[in-house]
Amino acid sequence: MGDAIDFKQLREMLRPYALLYVEDNVGLNSQATLLFKKFFETVYSVYDGVEGLELFKLHRPSVVITDIVMPKLDGLKMAEEIKQIEPDTKIIITTAHDVSEYLHDAIRIGVFDYLTKPLKIDSLSEVLLRCVTELNTELHHKIFMENMQAIFNYQNSLVFLLNGRNVVIANHHCLDFFKLERLEEFKKLFSHFGELLLEHNTFLYNHEEIEWFDTVRAHEGKLFNIKLADKEGNPTHFVLTYQRIPKKEGFSIISLNNVNELGLLKLYDANALERDKLSKDEQMVRNMVELAQRSGAKVRVHNLYKGLSITNDGMVEKIEKGNLVLRAPQVQLKAIQHEKECYISSELFVMPIWCRSLVKFDYDNQKVYFSQYQMAQRSPSERQVIRVIPGEDMSATMLFEGRKIEGIEAILDISVRAIRLELSILPSGFEINQEVVLDIVITSSSRPAIVNTKAKVLRIIEGNRRYEVILTYDLHSAGQKNMIDYVAKRQMILIREFKGLQI
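Rules used in this analysis
Residues numbered from 1 in each chain as written. Predicted model: local features only at pLDDT ≥ 70, side-chain atom pairs only at ≥ 80, totals over all residues. Heavy atoms only, no water. Helix = DSSP H or I, 4+ residues; strand = E, 2+ residues; numbered from the N terminus. Rg over C-alpha atoms; globule rule 2.2 N^0.38 Å. Buried < 20%, exposed > 50% of the residue type's maximum accessible area, 1.4 Å probe, protein only. Contact = heavy atoms within 4.5 Å. Areas by Shrake-Rupley, 256 points an atom, 1.4 Å probe, with all protein chains shown as cover. Lys, Arg positive; Asp, Glu negative; His and termini not counted. Charge placed at Lys NZ, Arg CZ, Asp CG, Glu CD. Salt bridge = Lys/Arg side-chain N within 4 Å of Asp/Glu carboxyl O. Core = buried A, V, L, I, M, F, W, Y, C linked by side-chain atoms within 4.5 Å. Pairing = 2+ DSSP bridges. Phe/Tyr/Trp six-rings, centres within 6.5 Å; stacked < 30°, edge-to-face > 60°.

Topic: the overall build of the protein
- Within the protein one finds 15 helices and 23 strands.
- Computed over its C-alpha atoms, the radius of gyration of the protein comes to 37 Å, more than 25% above the 23 Å expected for a compact globule of 503 residues.
- If you line up the protein on its principal axes, its C-alpha atoms span 120 × 60 × 45 Å.
- Looking at the protein as a whole, 43% of its 503 residues qualify as buried.
- By sequence separation, contacts in the protein at least 24 residues apart represent 56% of the contacts at least 6 residues apart.
- Just so you have it, the protein exposes about 27,600 Å², and 49% of that area is on carbon and sulfur atoms.
- Of the charged side chains in the protein, 63 are positive and 69 negative, and the gap between their average positions amounts to 6 Å.

Right, dumping it as structure tokens:
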């Protein structure tokens, strides 16, 4: 509005609000009422405090302008009665005298402001502008709080407000789930809430090493799987979150999101064989993905660019026509575009999920679409040591039973503990746990380095006319140093190479 008050705009702002004007001087009342009607669409005017109070009770106007000294009931006593009925009412007093003798009472009652007689339009406009601004702010706050209360009570989650460990408020769903009628009953129940958490593999519950409330309080914002039984004893799967309320010391909110219909309880408590079978169930995988989506959980997105680990936070946005839509930072999208796949993991997942068969790549909106996704026993993030794909500056030879093995096609990746080779043929008797001798030649420096070590066959994977062989070893002294140096330097090369990739 600026320094000059726009009267047309001020009238528009005051349009939703009514005014009660109380003045015992008949002539002044008549003149001022005409003036007030230039600002307010609805003006009620009376001549004493008793009439004013009765009219207020009938119409509940938002603004009251009143004289102080009046017969029957003075303005301040009327104001005090009004404030007890409707504390948010804005009361402005008018007087032709010094207000200092009334100041203490006016402050105590909560009078908004005062105007001196005769009323001046500029002063009146300024006070009314501040008055309507405050009324609007309070209205917006009231609307916000009423909607928050509706959300609190009518969303599907169980929500309760805590002060320390004590429940202050619980929404209707808390009472409904436990078949309780009053908040006081839930407060008593909550004091034993840890005992209500049922034991379930990887879920949060009280045991010798964990006290549930201390755990959630120490991990604010983290998502926890929990299992509760309702009054009929039916086990129910929830996702629990704990959040402190800013600037309200000791206050916090706990939310329990019911995800029971996803049917994931059996997956978390299955043995390894059953879990492997369940992991191939497409609906089970979709339900796991939906768990992350519905809980608003961040997921960790993992890629390996030639062995270089690239991991960032992402979000499961939705499942659209069977496609998993994933949102991720641009650097992760670059890695996904190169690999055409990724892994996602979450504190809610029993296993990571392998996303493959890239369908659509939306770099502008930071989205990627996959048509296939399945649970995986491992993800790249679980590697204990750094593995890289070497460059042309590394070669390897292998001796088995004293003879050189022919047919080493490539070194697929290498670390300080293991090497993965591609072979076109396998010698007779070459099996898991067999010992071999490895010579790894590194030619990246001016003087070639040779790492000579005994190794053991860990795994043999047969493919189409090829074999992948993983060998493990235990390096010492110079061999260990040379390998650590090589892996570190190779990482730096790959980082520069990855940064140079174009989308």
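Thoughts on the pattern of salt bridges
- Following the criterion strictly, the structure yields 32 salt bridges and no others.
- Glu261 is paired through a salt bridge with Arg294; the nearest N and O atoms lie 2.5 Å apart. Of this pair, Glu261 sits in the loop between β10 (251-258) and α11 (265-268) while Arg294 sits in helix α13 (residues 282-295), placing them 33 residues apart in sequence.
- The partly exposed category is assigned to Arg294, whose relative accessible area is 31%.

Some remarks on the nonpolar core
- Grouped together as the largest cluster of nonpolar side chains are 36 residues, with contacts concentrated most on Met288, Leu291, Leu326, Ile344 and Ile353.
- Taken together, the elements giving at least two residues each to this core come down to α11, α13, β11 (298-305), β13 (323-327), α14 (330-339), β14 (342-345), β15 (353-362) and β16 (367-375).
- Broken down by element, this core gets its largest block of residues, 6 residues, from α13.
- Listed in part, the 33 residues of the second largest apolar core include Val436, Leu438, Val451 and Val469.

Some remarks on the sheet that holds strand β21 (residues 435-442)
- On the basis of which strands lie adjacent, the open sheet formed by 7 strands has the order β18-β17-β21-β22-β23-β20-β19 and antiparallel pairing. Each of the sheet's edge strands pairs with one partner strand only, and the pair in question is β18 (403-404) and β19 (408-414).
- Inspection of the sheet shows β21 paired to strand β22 (residues 449-462) by 8 bridges, in the antiparallel sense. What sits directly across from Asp439, in β22, is Asn452.

Some remarks on unusual backbone geometry
- Between Lys117 and the following residue, Pro118, the backbone shows a cis peptide bond with an omega angle of -5°.
- Among the secondary structure elements, Pro118 is positioned in the loop between β5 (113-116) and α6 (121-154).
- Positive phi values are uncommon outside glycine, yet Gln366 reaches one of about 60°.
- Note that Gln366 resides in the loop between β15 and β16.
- Positive phi, close to 40°, is recorded for Ser477, a residue that is not glycine.
- Residue placement: Ser477 occurs in helix α15 (residues 477-499).
- Ser477 gets classed as exposed once you look at its relative accessible area, which sits at 62%.

Examining the packing of aromatic side chains
- This model, assessed by the stated rule, comprises 18 aromatic pairs.
- Between Phe177 and Phe178, the ring centres sit 4.9 Å apart and the planes meet at 90°, which makes this aromatic pair edge-to-face.
- The class of Phe177 is buried, set by a relative accessible area of 12%.
- Here Phe178 falls in the buried class, since its relative accessible area comes to 6%.
- Centroid distance Phe361 to Tyr363: 6.5 Å. Interplanar angle 10°. Geometry classified as stacked.
- Aromatic ring contacts, followed pair by pair, group Phe160, Phe177, Phe178, Phe186, Phe190, Phe193, Trp212, Phe213, Phe238 and Tyr242 into a single cluster.

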